[in-house]
Structure formats: C-alpha cells, structure tokens
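Structural features, examined
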Amino acid sequence: MRQANAELSWLLSREYALKSSLKLVGDRHNLSERQRLALSRAACSDTSLKKRAANCLPLSKASAQHLIIDGFNLIITIEAALGGGPLLICRDDCIRDLSGVHGSYRSVQETEKAIRLIGEALAVLNPASVEWLLDRPISNSGRLSARIIELAREHAWPWTVEVIFNPDTTLISSDKIIVTSDSAVLDAAGRWINLNAYLIKEHLAESWLIDLRPSAAQERHDPSKVFR
C-alpha cells in the first residue's frame, strides 16, 4: 500500500486524473475496493503536499485566535478512533478515517465522548472563539448542532454552531484558522491546524493506525518505469 501510495502520488503530481490513476495503480497491485478507497485518501500530489505543509500552523498558534471547524469531518474521525475503526496516516500527515456520511448521519455511542474530548483539547489550546460548521443536507445535523451548543454552554466553551448548505465554501473563504483534514478544502484554503492528528496521537494512542506514508526510498523511486 505504501508503494501504491508513492505511485499514485507520482501520477497526481503530473496532473493525471485521480479516477483513472487509482484504477491503474489499484489494478497493478490487485487492491480491493476498500484498499482503493484508503489509497485515494492517503495520496496527494507534490504540489498539494507542499502547500498543505506550508499552511499548517503549530497548535500553539491557535491561542487567542479564531478557529473554524469542519464539524462532521472532525467528529466522525474521532468517533472512528474511539470505536476502534481503522485510521490512515496519509502522505500529508493528516489522519483520515474510512467512514462516509453520504447524506445521513446518526449519533453513535462515541459521539458525545468525541465532542467532549475535542472540547477539552481546545480548552487547553485556548482559542478566542470556535465556529463549528455542519452540513445542512446531512440528516440529524440539527440534533448534533443542539448537542454541541449544549455541551459548550455546560463547559463555558466559546463556541458557536452554524448549520449551512455548503461548509466547504465557507471554510475556503474564511480568514480564520481552519480545522479539517478534507483534502479539497486544504488545497484551496489558507491557514489550518492538524487537530485530529494531535487528538489521536496524544489522547487516543491505542487507536488502530495504518501508516500509508511512502518511505523515502519509495518516494525517490521513479514509478514511470513501472508503467512502461
């Protein structure tokens, strides 16, 4: 999988389309559909890698700043970690899960624990404010919003929640520090912090982590020779 990640990232770096590149690499390595999904989330082009790294701020920079959170993106990853699901350490050092919302979301046993864990970590980082964004088209987003607000009031966390139709657009245009691991948002947005990686590594160290980052040797390998 690490070699496949290096090969897919090489193709993406040369502006080959993700869909066709994923099929080419997946067929070569005889990957299952789930492995291909993991690979699509783990790979990125050299350009994306450099931009994401350049815009990623140390967590200490969140102090006294205004944060804006991609709500479902963060909560679902932490839920997966708490529930023992597989998590991917990706080429850009983000940690991503294999879950998908697909228009519907239902709170699970880990939801409240995930929100509390996020809240406790943010309290230590001490931002001036935190704005949560949730996708209105996703079912139960209103209920989740109400619970986030309830917990924020209970702990005096400086949070607000907005349930809107297209959080990605708001995240990309925001001048606040973004909290997300969404690849498309990271490629188009500005400053961000890698909060889910911090939460998992510091507070959920027993999580099922699968490191798909290519090794230095794999990154140096020229995949063009493979496809000749």
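Below is a short write-up of the structure. Computed from a prediction, not measured in an experiment: that's the story for all the values here. Counting of residues starts from 1 at the beginning of each chain's written sequence and follows it residue by residue. Selection of residues for local features in this predicted model requires a pLDDT of at least 70, selection of side-chain atom pairs for listing and counting requires 80 or more, and totals for whole chains, interfaces and linings are taken over all residues. In computing side-chain properties, one takes all heavy atoms of the structure into account and sets aside hydrogens as well as water.

The next point concerns the overall build of the protein chain. When you go through the protein chain residue by residue, the secondary structure sums to eleven helices and eight strands. Compactness check: the protein chain gives a C-alpha radius of gyration of 18 Å against a globular reference of 17 Å for 228 residues, within 12% of the reference. By principal-axis analysis of the C-alpha atoms, the protein chain measures approximately 60 × 35 × 30 Å. Of all 228 residues assigned to the protein chain, the portion counted as buried reaches 47%. Whether two residues are in contact is decided by their heavy atoms, any of which lying within 4.5 Å being enough. When contacts within the protein chain are restricted to residue pairs at least 6 apart in sequence, long-range pairs at least 24 apart make up 78% of them. Surface accessibility follows the Shrake-Rupley procedure with a 1.4 Å probe radius. Residue values consider only the protein chains on display as shielding. Carbon together with sulfur atoms contributes 50% to the accessible area of the protein chain, which is approximately 11,300 Å² in total. The charge count includes Lys and Arg as positive and Asp and Glu as negative, but it does not include His or the ends of the chains. Charge coordinates come from a single atom per side chain, which is NZ of Lys, CZ of Arg, CG of Asp or CD of Glu. The positive charge centre, built from 28 side chains, and the negative charge centre, built from 27, are 4 Å apart in the protein chain. For helices the rule is a DSSP run of H or I covering at least 4 residues; for strands it is a run of E covering at least 2, with both sets numbered from the N terminus onward. Based on C-alpha atoms, the radius of gyration is set beside the globule rule, defined as 2.2 Å times the residue count to the power 0.38. Exposed residues in this analysis have more than 50% of their type's maximum accessible area, buried residues have under 20%, and partly exposed residues fall in between, with area computed by a 1.4 Å probe over protein chains only.

Further remarks concern helix 6 (residues 111-125). Over its 15 residues, helix 6 extends 21 Å from the first C-alpha to the last, a length consistent with the 21 Å expected when each residue adds 1.5 Å. Among all positions in helix 6, only Thr-111, Ala-114, Ile-115, Leu-117, Ile-118, Gly-119, Ala-121, Leu-122 and Leu-125 are buried. In this structure, the buried side of helix 6 is in contact with strand 1 (66-70), helix 5 (71-82), strand 4 (129-135), helix 7 (141-155), strand 5 (159-164) and helix 10 (195-203). Just beyond helix 6, the residue with positive phi is Asn-126, at close to 60 degrees. A helix's residues, less one, multiplied by 1.5 Å, set its expected span.

The subject of this paragraph is the sheet that holds strand 8 (residues 208-211). Here a strand pair is declared whenever DSSP counts at least two bridges between the two strands. A sheet is described by the order of its strands in space; here three strands give the open sequence 3-2-8, paired in mixed fashion. The open sheet terminates on both sides in strands that have one partner only, identified here as strand 3 (95-97) and strand 8. Between one strand and the next, the sheet's axes are offset by a mean angle of 35 degrees, whatever the strand orientation. As judged from the four bridges shared by strand 2 (residues 86-89) and strand 8, these two strands associate in the parallel manner. Paired with Pro-86 across the two strands is Trp-208, which belongs to strand 8. For helices, the fitted axis covers only the stretch in contact; all axes are lines through C-alpha atoms, and the angles between them, taken along N-to-C directions, range from 0 to 180 degrees.

Under the pairing criterion, centres of Phe, Tyr and Trp rings, with the six-membered ring standing for Trp, must be within 6.5 Å; the plane angle then separates stacked pairs below 30 degrees from edge-to-face pairs above 60, leaving the rest tilted. What the rule picks out here adds up to three aromatic pairs. Taken together, Trp-132, Trp-157 and Trp-159 form an aromatic cluster joined through their ring pairs. By the criterion adopted, a ring carries a charge over it if an Arg CZ or a Lys NZ lies within 6 Å of its centre and within 35 degrees of its normal. Taking the ring centre of Phe-165 as reference, the NZ or CZ of Arg-136 above it sits at 5.7 Å.

Going residue by residue along strand 5, you find Trp-159, Val-161 and Val-163 tucked away on one face and Thr-160, Glu-162 and Ile-164 left uncovered on the opposite face. Pairing of strand 4 with strand 5 involves six bridges; the strand directions are parallel. Each residue of the ladder has a partner; that of Val-130, found in strand 5, is Trp-159. For the handedness criterion, the β-α-β arrangement of strand 4, helix 7 and strand 5 is classed as right-handed. The definition of a right-handed crossover adopted here requires that, viewed with the strands pointing away, the path from the first strand over the helix to the second runs clockwise.

So, about the state of the cysteines. By disulfide we mean two sulfur atoms from cysteines, separated by a distance within 2.5 Å. Tallying each qualifying case throughout the model produces zero disulfides. Free cysteine: Cys-44, not disulfide-bonded; nearest cysteine sulfur from Cys-90 at 8.5 Å. Among the cysteines around Cys-94, which has no disulfide bond, Cys-90 carries the closest sulfur, lying 6.9 Å off.

Going residue by residue along strand 2, you find Pro-86 and Leu-88 tucked away on one face and Leu-87 and Ile-89 tucked away on the opposite face as well. With three bridges joining them, strand 2 and strand 3 adopt antiparallel strand pairing. Bridging from a neighbouring strand, Ile-89 pairs with Ile-95 of strand 3. Hairpin remark: strand 2 followed by strand 3, antiparallel, with five residues in the connecting loop; positive phi at Asp-93, about 75 degrees.

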